[in-house]
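# Topology and contacts: notes
So you can see what is in the structure, the chains are spelled out below.
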Amino acid sequence: MTGYKGPERVLSGIQTSGDMHLGNYLGAIRKFVDLQQKHDCLYFLADMHAITVWQEPAKLREQTFHIAACFIAAGVDASHSIIFNQSAVHAHAELAWIFNCVARLGWLDRMTQFKDKAGKDKERASVGLYTYPVLQAADILVYKATHVPVGEDQKQHLELSRDIAGKFNHDYKVEDFFPLPEPLIQGPGARIMSLRDGTKKMSKSDSSENASIFLRDEPDVIAKKIKKATTDPEPLPSEMAGLEGRAEAKNLVGIYSALSGKSDQEVLGEFGGKGFGVFKPALADLVVEKVGPIGAELRRLEADPGHLESILRDGAARASAIADPVVAETKKIVGFVD
Ligand code: AMP
Ligand code: TRP
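Residues numbered from 1 in each chain as written. Chains lettered and ligands numbered in written order. Predicted model: local features only at pLDDT ≥ 70, side-chain atom pairs only at ≥ 80, totals over all residues. Heavy atoms only, no water.

### Topic: the site of ligand 1
As a reminder of what qualifies: Residues are labelled near a given molecule or strand when at least one of their non-hydrogen atoms is within 4 Å of it. Contacts described as polar in this section are N or O atom pairs within 3.5 Å, which, within protein, must combine one atom able to donate a hydrogen with one able to accept it, while residues neighboring in sequence count only if both atoms come from side chains. Only the protein chains shown count as cover for residues, and the accessible areas themselves come from Shrake-Rupley with a 1.4 Å probe. A cavity here means a set of points on a 1 Å grid, drawn over the protein atoms and nothing else, where a 1.4 Å probe fits but cannot get out; a pocket is an open set with protein on both sides within 12 Å along at least five of seven lines, and a residue lines either one if it has an atom within 4 Å of a point. To be counted as sitting in a cavity or pocket, a molecule needs more than half of its atoms within 2 Å of that site's grid points. Note on conventions: DSSP H or I runs of at least 4 residues are helices, E runs of at least 2 residues are strands, and numbering of each starts at the N terminus. Note that Gly is not counted as nonpolar here; it falls among the polar residues with everything else outside the nonpolar set of Ala, Val, Leu, Ile, Met, Phe, Trp, Tyr, Cys and Pro and the charged set of Asp, Glu, Lys and Arg.
Close contacts around ligand 1 come from 18 residues, with N24, G151, D153, I192 and K204 the closest. Measuring from an oxygen atom of ligand 1, one finds a side-chain N or O atom of D153 at 2.4 Å. The contact in question runs from an oxygen atom of ligand 1 to an N or O atom on the side chain of K204, over 2.9 Å. Coverage of ligand 1 by the protein amounts to 93% of the 480 Å² it exposes when considered alone. The site holding ligand 1 turns out to be the largest pocket. Within the residue set of the shell around ligand 1, elements represented by two or more residues are β1 (10–15) and α1 (22–35). When residues of the shell around ligand 1 are assigned to their parent elements, the largest contribution, four residues, is made by α1. Its residues assigned to classes, the shell around ligand 1 comprises six nonpolar, eight polar and four charged.

What follows is the structure in C-alpha coordinates.
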(Lines give C-alpha, C1' and ligand atoms only; values in the text may rest on other atoms or scores of the structure.)
(Ligands and ions follow the chains in the order given, each with its own letter.)
Protein backbone atom coordinates (compact mmCIF):
# COMPACT_ATOMS: atom_id res chain seq x y z
CA MET A 1 0.00 0.00 0.00
CA THR A 2 3.03 2.15 -0.41
CA GLY A 3 2.17 5.78 0.03
CA TYR A 4 -1.61 5.36 -0.15
CA LYS A 5 -3.21 7.74 2.31
CA GLY A 6 -6.88 6.83 2.16
CA PRO A 7 -8.74 5.04 4.95
CA GLU A 8 -8.32 1.34 5.59
CA ARG A 9 -11.21 -0.64 4.20
CA VAL A 10 -11.86 -4.38 4.17
CA LEU A 11 -13.66 -6.09 1.30
CA SER A 12 -14.28 -9.64 0.19
CA GLY A 13 -16.66 -11.62 -1.97
CA ILE A 14 -17.88 -15.15 -2.42
CA GLN A 15 -19.27 -16.58 -5.63
CA THR A 16 -22.92 -17.53 -5.64
CA SER A 17 -22.21 -20.80 -7.35
CA GLY A 18 -23.13 -23.36 -4.70
CA ASP A 19 -23.64 -24.12 -1.06
CA MET A 20 -21.23 -22.70 1.52
CA HIS A 21 -18.90 -25.28 2.97
CA LEU A 22 -16.48 -25.55 5.86
CA GLY A 23 -13.60 -24.28 3.68
CA ASN A 24 -15.53 -21.10 2.88
CA TYR A 25 -16.33 -20.68 6.55
CA LEU A 26 -12.82 -21.19 7.90
CA GLY A 27 -10.94 -19.63 4.97
CA ALA A 28 -13.19 -16.62 4.56
CA ILE A 29 -16.44 -15.99 6.46
CA ARG A 30 -15.02 -16.48 9.94
CA LYS A 31 -12.38 -13.88 9.16
CA PHE A 32 -15.09 -11.53 7.87
CA VAL A 33 -16.75 -11.70 11.27
CA ASP A 34 -13.54 -10.98 13.19
CA LEU A 35 -12.51 -8.09 10.97
CA GLN A 36 -15.72 -6.14 11.37
CA GLN A 37 -14.87 -5.43 15.02
CA LYS A 38 -12.12 -3.03 14.01
CA HIS A 39 -12.72 -2.09 10.37
CA ASP A 40 -15.24 -0.79 7.89
CA CYS A 41 -16.12 -3.86 5.86
CA LEU A 42 -17.93 -4.68 2.63
CA TYR A 43 -18.88 -8.29 1.93
CA PHE A 44 -20.57 -9.16 -1.32
CA LEU A 45 -22.12 -12.02 -3.22
CA ALA A 46 -20.19 -12.41 -6.45
CA ASP A 47 -23.08 -13.27 -8.77
CA MET A 48 -21.32 -11.80 -11.80
CA HIS A 49 -18.35 -14.06 -11.17
CA ALA A 50 -20.68 -17.02 -10.70
CA ILE A 51 -22.07 -16.75 -14.25
CA THR A 52 -18.59 -17.17 -15.77
CA VAL A 53 -19.74 -20.79 -15.74
CA TRP A 54 -23.37 -21.73 -16.45
CA GLN A 55 -25.84 -21.11 -13.61
CA GLU A 56 -29.50 -22.02 -13.69
CA PRO A 57 -31.27 -18.65 -13.12
CA ALA A 58 -33.60 -19.83 -10.35
CA LYS A 59 -30.72 -21.54 -8.61
CA LEU A 60 -28.55 -18.43 -8.89
CA ARG A 61 -31.17 -16.40 -7.03
CA GLU A 62 -31.52 -19.04 -4.37
CA GLN A 63 -27.76 -19.29 -3.87
CA THR A 64 -27.47 -15.53 -3.59
CA PHE A 65 -29.89 -15.56 -0.66
CA HIS A 66 -28.18 -18.63 0.76
CA ILE A 67 -24.78 -16.97 0.95
CA ALA A 68 -26.23 -13.75 2.34
CA ALA A 69 -27.89 -15.86 5.02
CA CYS A 70 -24.59 -17.67 5.71
CA PHE A 71 -22.80 -14.38 6.28
CA ILE A 72 -25.42 -13.25 8.76
CA ALA A 73 -25.82 -16.64 10.46
CA ALA A 74 -22.05 -16.79 10.97
CA GLY A 75 -22.08 -13.38 12.62
CA VAL A 76 -21.61 -10.68 9.97
CA ASP A 77 -23.58 -7.70 11.26
CA ALA A 78 -25.54 -6.16 8.38
CA SER A 79 -26.18 -2.94 10.22
CA HIS A 80 -22.46 -2.27 10.47
CA SER A 81 -20.85 -4.15 7.57
CA ILE A 82 -22.21 -3.67 4.05
CA ILE A 83 -23.67 -6.85 2.51
CA PHE A 84 -24.83 -6.73 -1.12
CA ASN A 85 -24.85 -8.57 -4.40
CA GLN A 86 -22.29 -7.50 -6.97
CA SER A 87 -24.64 -7.16 -9.94
CA ALA A 88 -26.76 -4.62 -8.01
CA VAL A 89 -23.86 -2.13 -7.97
CA HIS A 90 -23.21 -0.99 -11.54
CA ALA A 91 -19.83 0.49 -10.71
CA HIS A 92 -18.16 -2.96 -10.63
CA ALA A 93 -18.85 -3.65 -14.30
CA GLU A 94 -17.93 -0.14 -15.35
CA LEU A 95 -14.54 -0.18 -13.66
CA ALA A 96 -13.92 -3.74 -14.86
CA TRP A 97 -14.04 -2.54 -18.47
CA ILE A 98 -11.43 0.12 -17.83
CA PHE A 99 -9.29 -2.48 -16.07
CA ASN A 100 -9.67 -4.85 -19.02
CA CYS A 101 -7.77 -2.21 -20.92
CA VAL A 102 -5.08 -1.94 -18.23
CA ALA A 103 -4.43 -5.64 -17.59
CA ARG A 104 -2.21 -7.45 -20.10
CA LEU A 105 -2.98 -10.74 -21.83
CA GLY A 106 0.30 -12.12 -20.55
CA TRP A 107 -0.78 -11.50 -16.96
CA LEU A 108 -4.06 -13.34 -17.40
CA ASP A 109 -2.35 -16.19 -19.22
CA ARG A 110 -0.54 -17.00 -15.99
CA MET A 111 -3.69 -17.39 -13.86
CA THR A 112 -3.80 -20.94 -12.58
CA GLN A 113 -7.48 -20.82 -11.56
CA PHE A 114 -8.46 -20.21 -15.20
CA LYS A 115 -6.36 -23.16 -16.29
CA ASP A 116 -7.94 -25.36 -13.61
CA LYS A 117 -11.49 -24.29 -14.34
CA ALA A 118 -11.25 -24.22 -18.13
CA GLY A 119 -9.62 -27.64 -18.20
CA LYS A 120 -8.29 -29.07 -21.43
CA ASP A 121 -10.94 -27.54 -23.64
CA LYS A 122 -10.21 -23.88 -23.06
CA GLU A 123 -11.61 -22.85 -26.43
CA ARG A 124 -15.04 -23.53 -24.99
CA ALA A 125 -14.57 -21.57 -21.75
CA SER A 126 -16.45 -18.28 -21.50
CA VAL A 127 -14.56 -15.05 -22.12
CA GLY A 128 -15.81 -14.01 -18.68
CA LEU A 129 -13.96 -16.88 -17.06
CA TYR A 130 -10.76 -15.56 -18.61
CA THR A 131 -11.21 -11.96 -17.50
CA TYR A 132 -12.59 -13.07 -14.12
CA PRO A 133 -9.56 -11.74 -12.18
CA VAL A 134 -9.97 -8.32 -13.82
CA LEU A 135 -13.52 -8.05 -12.52
CA GLN A 136 -12.17 -9.12 -9.14
CA ALA A 137 -9.67 -6.24 -9.22
CA ALA A 138 -12.55 -3.87 -10.00
CA ASP A 139 -14.59 -5.30 -7.10
CA ILE A 140 -11.80 -4.38 -4.74
CA LEU A 141 -10.57 -1.11 -6.15
CA VAL A 142 -13.96 0.43 -6.83
CA TYR A 143 -14.09 0.88 -3.04
CA LYS A 144 -10.35 1.56 -2.77
CA ALA A 145 -10.29 -1.41 -0.39
CA THR A 146 -6.96 -1.91 1.31
CA HIS A 147 -7.37 -5.37 2.88
CA VAL A 148 -8.93 -8.48 1.39
CA PRO A 149 -9.57 -11.58 3.54
CA VAL A 150 -9.53 -14.68 1.34
CA GLY A 151 -8.40 -18.29 1.30
CA GLU A 152 -5.01 -19.22 -0.10
CA ASP A 153 -6.40 -20.04 -3.55
CA GLN A 154 -7.00 -16.32 -4.17
CA LYS A 155 -3.41 -15.21 -3.65
CA GLN A 156 -2.61 -14.98 -7.34
CA HIS A 157 -5.76 -12.99 -8.08
CA LEU A 158 -4.82 -10.51 -5.36
CA GLU A 159 -1.38 -10.10 -6.89
CA LEU A 160 -3.04 -9.32 -10.19
CA SER A 161 -5.23 -6.70 -8.49
CA ARG A 162 -2.09 -5.06 -7.15
CA ASP A 163 -0.51 -5.14 -10.61
CA ILE A 164 -3.58 -3.53 -12.16
CA ALA A 165 -3.73 -0.82 -9.47
CA GLY A 166 -0.02 -0.13 -9.90
CA LYS A 167 -0.17 0.04 -13.69
CA PHE A 168 -3.22 2.31 -13.66
CA ASN A 169 -1.56 4.68 -11.18
CA HIS A 170 1.63 4.65 -13.25
CA ASP A 171 0.16 4.94 -16.76
CA TYR A 172 -2.19 7.78 -15.83
CA LYS A 173 0.38 9.40 -13.56
CA VAL A 174 -1.92 9.41 -10.55
CA GLU A 175 0.38 8.14 -7.86
CA ASP A 176 -1.50 6.33 -5.06
CA PHE A 177 -4.92 6.92 -6.61
CA PHE A 178 -5.67 3.25 -6.13
CA PRO A 179 -4.20 1.45 -3.11
CA LEU A 180 -2.30 -1.79 -3.66
CA PRO A 181 -4.68 -4.10 -1.77
CA GLU A 182 -3.22 -6.56 0.68
CA PRO A 183 -4.51 -10.11 0.98
CA LEU A 184 -5.27 -11.38 4.49
CA ILE A 185 -4.63 -15.08 4.10
CA GLN A 186 -2.77 -16.30 7.16
CA GLY A 187 -4.34 -18.27 9.90
CA PRO A 188 -5.64 -21.76 10.37
CA GLY A 189 -8.25 -22.77 7.83
CA ALA A 190 -6.76 -20.96 4.85
CA ARG A 191 -6.81 -24.21 2.89
CA ILE A 192 -9.27 -26.94 3.86
CA MET A 193 -9.11 -30.07 1.74
CA SER A 194 -11.76 -32.50 0.51
CA LEU A 195 -12.78 -35.21 2.99
CA ARG A 196 -12.46 -37.79 0.22
CA ASP A 197 -9.13 -36.73 -1.25
CA GLY A 198 -6.61 -34.77 0.82
CA THR A 199 -4.87 -33.43 -2.27
CA LYS A 200 -7.96 -31.59 -3.58
CA LYS A 201 -9.39 -28.52 -1.90
CA MET A 202 -12.87 -28.68 -0.44
CA SER A 203 -15.09 -27.03 -3.01
CA LYS A 204 -18.70 -26.22 -3.80
CA SER A 205 -18.59 -28.21 -6.99
CA ASP A 206 -17.17 -31.56 -5.85
CA SER A 207 -19.05 -34.43 -7.45
CA SER A 208 -18.99 -36.45 -4.21
CA GLU A 209 -21.37 -34.99 -1.67
CA ASN A 210 -19.37 -36.58 1.13
CA ALA A 211 -16.30 -34.55 0.17
CA SER A 212 -17.55 -31.31 1.72
CA ILE A 213 -19.26 -30.33 4.94
CA PHE A 214 -21.88 -27.72 4.14
CA LEU A 215 -23.03 -25.07 6.59
CA ARG A 216 -26.60 -26.23 5.96
CA ASP A 217 -25.82 -29.85 6.92
CA GLU A 218 -27.76 -31.17 9.89
CA PRO A 219 -25.66 -32.54 12.79
CA ASP A 220 -26.26 -36.19 11.86
CA VAL A 221 -25.11 -35.52 8.29
CA ILE A 222 -21.96 -33.78 9.54
CA ALA A 223 -21.14 -36.73 11.81
CA LYS A 224 -21.73 -39.23 9.00
CA LYS A 225 -19.47 -37.35 6.57
CA ILE A 226 -16.64 -37.22 9.09
CA LYS A 227 -17.05 -40.90 9.87
CA LYS A 228 -16.77 -41.68 6.15
CA ALA A 229 -13.81 -39.35 5.57
CA THR A 230 -10.89 -41.05 3.83
CA THR A 231 -7.99 -41.82 6.19
CA ASP A 232 -5.06 -44.20 6.42
CA PRO A 233 -4.80 -47.09 8.91
CA GLU A 234 -2.02 -45.54 11.04
CA PRO A 235 -2.70 -43.86 14.39
CA LEU A 236 -2.07 -40.11 14.62
CA PRO A 237 1.56 -39.17 15.25
CA SER A 238 2.66 -37.07 18.24
CA GLU A 239 4.71 -34.67 16.10
CA MET A 240 3.87 -32.65 12.99
CA ALA A 241 6.63 -34.34 11.00
CA GLY A 242 4.66 -37.58 11.26
CA LEU A 243 1.87 -36.05 9.14
CA GLU A 244 4.10 -35.66 6.09
CA GLY A 245 2.73 -37.63 3.16
CA ARG A 246 -0.57 -38.18 5.03
CA ALA A 247 -2.69 -35.51 3.38
CA GLU A 248 -6.05 -36.72 4.71
CA ALA A 249 -4.86 -37.06 8.32
CA LYS A 250 -3.21 -33.64 8.11
CA ASN A 251 -6.41 -32.08 6.83
CA LEU A 252 -8.54 -33.50 9.66
CA VAL A 253 -6.03 -32.31 12.24
CA GLY A 254 -6.06 -28.90 10.52
CA ILE A 255 -9.86 -28.71 10.75
CA TYR A 256 -9.72 -29.66 14.42
CA SER A 257 -7.15 -27.00 15.21
CA ALA A 258 -8.91 -24.30 13.16
CA LEU A 259 -12.18 -24.90 15.00
CA SER A 260 -10.75 -25.42 18.48
CA GLY A 261 -8.28 -22.54 18.40
CA LYS A 262 -5.49 -24.97 19.35
CA SER A 263 -2.31 -25.34 17.31
CA ASP A 264 -1.78 -28.49 15.19
CA GLN A 265 0.92 -29.51 17.63
CA GLU A 266 -1.41 -29.16 20.60
CA VAL A 267 -4.00 -31.31 18.83
CA LEU A 268 -1.36 -33.98 18.21
CA GLY A 269 -0.30 -33.70 21.85
CA GLU A 270 -3.84 -34.67 22.75
CA PHE A 271 -4.50 -37.31 20.08
CA GLY A 272 -1.01 -38.63 19.20
CA GLY A 273 -0.94 -42.43 19.31
CA LYS A 274 -4.73 -42.64 19.04
CA GLY A 275 -6.48 -44.05 15.99
CA PHE A 276 -9.19 -42.45 13.86
CA GLY A 277 -11.78 -44.46 15.78
CA VAL A 278 -11.11 -42.01 18.62
CA PHE A 279 -10.21 -38.89 16.67
CA LYS A 280 -13.11 -38.86 14.22
CA PRO A 281 -15.90 -38.83 16.85
CA ALA A 282 -14.08 -36.04 18.72
CA LEU A 283 -13.78 -34.06 15.49
CA ALA A 284 -17.43 -34.70 14.63
CA ASP A 285 -18.52 -33.38 18.05
CA LEU A 286 -16.41 -30.27 17.59
CA VAL A 287 -17.71 -29.53 14.07
CA VAL A 288 -21.30 -30.06 15.21
CA GLU A 289 -20.73 -27.77 18.19
CA LYS A 290 -19.27 -24.96 16.03
CA VAL A 291 -21.13 -25.33 12.74
CA GLY A 292 -24.46 -26.76 13.93
CA PRO A 293 -25.78 -23.47 15.38
CA ILE A 294 -24.84 -21.62 12.19
CA GLY A 295 -26.87 -24.13 10.18
CA ALA A 296 -29.88 -23.67 12.44
CA GLU A 297 -29.74 -19.88 12.17
CA LEU A 298 -29.23 -20.20 8.42
CA ARG A 299 -32.45 -22.18 8.04
CA ARG A 300 -34.32 -19.57 10.08
CA LEU A 301 -33.03 -16.72 7.89
CA GLU A 302 -33.69 -18.54 4.62
CA ALA A 303 -37.32 -18.94 5.60
CA ASP A 304 -37.71 -15.15 5.26
CA PRO A 305 -36.30 -14.13 1.85
CA GLY A 306 -38.08 -10.76 2.06
CA HIS A 307 -35.89 -9.79 4.99
CA LEU A 308 -32.73 -10.90 3.16
CA GLU A 309 -33.83 -8.97 0.08
CA SER A 310 -34.18 -5.77 2.06
CA ILE A 311 -30.72 -6.26 3.60
CA LEU A 312 -29.22 -6.66 0.13
CA ARG A 313 -31.06 -3.64 -1.24
CA ASP A 314 -29.88 -1.46 1.61
CA GLY A 315 -26.33 -2.83 1.22
CA ALA A 316 -26.27 -2.08 -2.52
CA ALA A 317 -27.32 1.51 -1.90
CA ARG A 318 -24.61 1.99 0.73
CA ALA A 319 -22.01 0.33 -1.52
CA SER A 320 -22.97 2.47 -4.53
CA ALA A 321 -22.57 5.60 -2.46
CA ILE A 322 -18.89 4.70 -1.97
CA ALA A 323 -18.23 3.27 -5.44
CA ASP A 324 -19.94 5.80 -7.72
CA PRO A 325 -17.63 8.74 -6.90
CA VAL A 326 -14.56 6.49 -7.39
CA VAL A 327 -15.78 5.49 -10.85
CA ALA A 328 -16.59 9.10 -11.71
CA GLU A 329 -13.08 10.17 -10.76
CA THR A 330 -11.52 7.24 -12.61
CA LYS A 331 -13.42 8.15 -15.80
CA LYS A 332 -12.18 11.70 -15.54
CA ILE A 333 -8.59 10.48 -15.14
CA VAL A 334 -8.99 8.26 -18.22
CA GLY A 335 -10.25 11.23 -20.24
CA PHE A 336 -13.87 10.25 -20.76
CA VAL A 337 -16.24 13.18 -21.33
CA ASP A 338 -19.10 13.01 -18.84
P1 AMP B 1 -15.29 -19.68 -3.55
O2 AMP B 1 -16.03 -20.81 -2.93
O3 AMP B 1 -14.26 -20.16 -4.51
O4 AMP B 1 -16.16 -18.57 -4.07
O5 AMP B 1 -14.45 -19.03 -2.37
C6 AMP B 1 -14.96 -18.13 -1.44
C7 AMP B 1 -13.93 -17.87 -0.36
O8 AMP B 1 -13.67 -19.06 0.38
C9 AMP B 1 -12.57 -17.42 -0.88
O10 AMP B 1 -11.98 -16.51 0.02
C11 AMP B 1 -11.77 -18.69 -0.94
O12 AMP B 1 -10.39 -18.47 -0.86
C13 AMP B 1 -12.29 -19.40 0.30
N14 AMP B 1 -12.20 -20.85 0.12
C15 AMP B 1 -12.80 -21.59 -0.85
N16 AMP B 1 -12.50 -22.89 -0.71
C17 AMP B 1 -11.68 -22.98 0.38
C18 AMP B 1 -11.02 -24.06 1.04
N19 AMP B 1 -11.16 -25.31 0.62
N20 AMP B 1 -10.26 -23.79 2.12
C21 AMP B 1 -10.13 -22.50 2.57
N22 AMP B 1 -10.71 -21.44 1.98
C23 AMP B 1 -11.48 -21.67 0.91
N1 TRP C 1 -12.71 -14.99 -6.74
C2 TRP C 1 -13.17 -15.11 -5.38
C3 TRP C 1 -13.34 -16.58 -5.05
O4 TRP C 1 -13.66 -17.39 -5.86
C5 TRP C 1 -14.46 -14.38 -5.15
C6 TRP C 1 -14.28 -12.92 -5.35
C7 TRP C 1 -14.77 -12.17 -6.38
C8 TRP C 1 -13.53 -12.04 -4.52
N9 TRP C 1 -14.40 -10.87 -6.25
C10 TRP C 1 -13.65 -10.75 -5.12
C11 TRP C 1 -12.82 -12.21 -3.35
C12 TRP C 1 -13.02 -9.63 -4.55
C13 TRP C 1 -12.19 -11.07 -2.79
C14 TRP C 1 -12.30 -9.81 -3.40
O15 TRP C 1 -13.18 -16.93 -3.94
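### Notes on empty space enclosed by the protein
For the record, the criterion: Grid points are joined across faces, edges and corners, and a volume is the space filled by probe spheres set on the points.
The tally for this structure, following the rule as stated, stands at one cavity of 30 Å³ or more. Each pocket or cavity is described by its volume, and for the largest cavity that value is around 40 Å³. What lines the largest cavity is Q113, F114, K117, L129, Y132, P133 and H157. Within the residue set of the lining of the largest cavity, elements represented by two or more residues are α6 (112–118) and α7 (127–141). Looking at side-chain class alone, the lining of the largest cavity contains four nonpolar, two polar and one charged residues.

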